[in-house]
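Structural overview
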Amino acid sequence: MNIDVENISEVLLSRFDGLDNKADILKSRELKTLYSIIPSLPEAERAIFGKKVNELTLKLKELVEKHQQKLEVPEPIDITAPFDINQNLTNANQLLTSDNGSQHPLMRELDIVLDIFYRMGFSAIESRIIDDDFHMFGSLNFPEGHPARDDYDTFMTKDKLIAPAHTSSMQNRVIQQNKSELEHGKAIACVIPGVVFRNEDVDSRHDHTFYQVEGVYVGKNINAGNLMATLRTFLEEYFGRQLDIKSQPFYFPFTEPSFEFALSCPFCDKKGCSVCSYSGFIELLGCGMIHPNVLTQAEIDPDVYSGFAFGFGLDRLVMMKYDIEDVRNLKSSKLEFLRQFS
Ligand code: DAH
């Protein structure tokens, strides 16, 4: 018999790389022929020949398996490698190297905001990105079926988990968790930065995902004057200049009274410019005195303690500071945009 297993092995191995479906190699005509001739071989040759054929099959099976594993586990990517590592890209010279990577402008501004509040005696805790109905609504004096729930275009899972539409969803936790401050004669003073989500149509002023910063202050004899002074102090520090402030009545279920708060335009000093739509003032945030029901839900006696709360959009604030015309720029990864901040 002059069929040579080694020869056939070479033929099959050289064919392997070109096959679309690698497993076809195991069904090849050559392999089948090898098996079919085993019974016809003289007994002395049969065992050796059979062993060789089995070894070849095993080798081919291993190759097929290895190839499949490679498909299942993608090549690991080194996410720490510099962006410009791939010199073959046509736009490689436009890519950033890892040395000139920098903090995202929103996060840098958030650090500045938090630093101001730290210096004013506030602590900070981040909000959650998944929450529940009680924290989003119930604890904030929105009973079930309350029409104001509709003002927050809230994303909700089938089992009623919520991607919070505001950082106020942290108020109840923050107040409860810091109750001991009140027992020690101090105040609860906390800011809560976090991402919030709304089922919004996206345009230059609105995004479905954005940052808010909530503020909560609870103590004895706290009044709306304290609220206005706190906001003014923060904003003057943030914009680095004196500002006028204005408030007008508004409605939020979780504050009574509630206000819409505006600051004088930091660019034109109330003369009117494109940033403030020629009105001299810019509406920035919602705020108010924490509703007694919200304090009660957080196990605080509203006859003894009072407090204020506020919430503003960080993206809005940063857009205002740098006169950014489109909120989408902030998440666009446009290098020309980001480089302006480094
Ligand atoms: N949660 C409100 C919003 O997203 C903003 C807000 C208003 C927060 C009044 C407050 C507040 O803490 O007191 O529209």
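The preceding data block contains the structure.
Since we're looking at a predicted model, the values are computed, not measured.

1. Thoughts on the pattern of salt bridges
Using the criterion set out here, one finds 18 salt bridges in the structure. Across the pair Arg108 and Glu109 runs a salt bridge whose closest N-O atoms are separated by 3.5 Å. In this structure, the salt-bridge partner of Arg119 is Glu237, at a minimum N-O distance of 3.2 Å. Here the residue Arg119 occupies a position in helix H4 (residues 105-119), and Glu237 occupies one in helix H8 (residues 224-239), the gap between them amounting to 118 residues. With relative accessibility at 55%, the residue Arg119 sits in the exposed group. Through salt bridges with shared partners, a single network forms among Arg15, Arg29 and Glu30.

2. Some remarks on the packing of helix H1 (residues 5-16) against helix H2 (residues 29-37)
The geometry of H1 relative to H2 is characterised by a closest axis approach of 10 Å and an angle of 155° between their N-to-C directions. Of the possible angle classes, the one that applies to H1 and H2 is roughly antiparallel. In the packing of H1 onto H2, the handedness of the crossing is left-handed. Packed against H1, whose contacting residues are Val5, Ile8, Val11, Leu12 and Arg15, the element H2 presents Glu30, Leu31 and Leu34 at the interface. Taken together, the residues that form the contact of H1 with H2 break down as six nonpolar, no polar and two charged.

3. Some points on the environment of Ile188
Looking at the element boundaries, Ile188 is found in strand E5 (residues 188-197). Apart from residues no more than four positions distant in its own chain, Ile188 is found in contact with Val174, Ile175, Asn178, Lys179, Glu181, Leu182, Val216, Tyr217 and Val218.

4. Details of the nonpolar core
Residues Phe234, Leu235, Cys287, Phe310, Phe312 and Leu317 are the most contacted members of the largest nonpolar core, which totals 44 residues. Elements supplying a minimum of two residues to this core: H4, E5, H8, strand E8 (255-264), strand E9 (281-290), strand E10 (306-313) and helix H10 (314-322). Broken down by element, this core gets its largest block of residues, seven residues, from H8. Contacts of Leu317, omitting those with residues within four sequence positions, involve Val113, Phe234, Leu235, Tyr238, Phe239, Leu284 and Phe312. Core analysis: the second largest hydrophobic core is formed by 26 residues, Ile192, Val218, Ile290 and Val294 among them.

5. Comments concerning the state of the cysteines
A complete count under the given rule lists zero disulfides for this structure. Looking at Cys265, it has no disulfide partner, and the nearest cysteine sulfur is the one in Cys268, 3.7 Å off. With no disulfide of its own, Cys287 lies closest to Cys190 among cysteine sulfurs, the gap being 17 Å. When its relative accessible area of 2% is taken as the criterion, Cys287 is described as buried.

6. Some details on the site of the ligand
Residues in close proximity to the ligand total 16 residues, the closest being His166, Ser168, Arg198, Gln212 and Glu214. Tyr152 is positioned such that a nitrogen or oxygen atom in its side chain is 3.5 Å from an oxygen atom of the ligand. Separating an oxygen atom of the ligand from a side-chain N or O atom of Gln171 is a distance of 3.2 Å. Bound to the protein, the ligand loses 93% of the 360 Å² it would expose on its own. Put simply, the parts of the chain that give the shell around the ligand at least two residues each are strand E6 (209-219), E9 and E10. Taken together, the residues of the shell around the ligand sort by class into six nonpolar, eight polar and two charged.

7. Observations concerning the sheet that holds E6
Strands sit in the order E1-E5-E6-E10-E9-E8-E7 across an open sheet of seven strands; the sheet is mixed. Strand pairing shows two members of the sheet lacking a second neighbour, strand E1 (123-124) and strand E7 (245-252), which therefore form its edges. Summarising the sheet, E6 and E10 pair through eight bridges and their orientation is antiparallel. The residue bridging Tyr217 from the neighbouring strand is Phe308, located in E10. Across the sheet, H4 touches E1, E5, E6 and E10, and the angle it forms with E5 is around 165°. Contacts from H8 reach E7, E8, E9 and E10, with the element oriented near 30° to E8.

Rules behind the numbers
- Residues numbered from 1 in each chain as written.
- Predicted model: local features only at pLDDT ≥ 70, side-chain atom pairs only at ≥ 80, totals over all residues.
- Heavy atoms only, no water.
- Salt bridge = Lys/Arg side-chain N within 4 Å of Asp/Glu carboxyl O.
- Helix = DSSP H or I, 4+ residues; strand = E, 2+ residues; numbered from the N terminus.
- Buried < 20%, exposed > 50% of the residue type's maximum accessible area, 1.4 Å probe, protein only.
- Axes fitted to C-alpha atoms, helices over the stretch in contact; angles between N-to-C directions.
- Parallel < 35°, antiparallel > 145°, perpendicular 65-115°, else oblique.
- Left-handed = near helix turned anticlockwise from the far one by under 90°.
- Contact = heavy atoms within 4.5 Å.
- Nonpolar A, V, L, I, M, F, W, Y, C, P; charged D, E, K, R; others polar.
- Core = buried A, V, L, I, M, F, W, Y, C linked by side-chain atoms within 4.5 Å.
- Disulfide = S-S within 2.5 Å.
- Near = heavy atom within 4 Å.
- Polar contact = N/O pair within 3.5 Å; in protein donor to acceptor, adjacent residues only side chain to side chain.
- Areas by Shrake-Rupley, 256 points an atom, 1.4 Å probe, with all protein chains shown as cover.
- Pairing = 2+ DSSP bridges.

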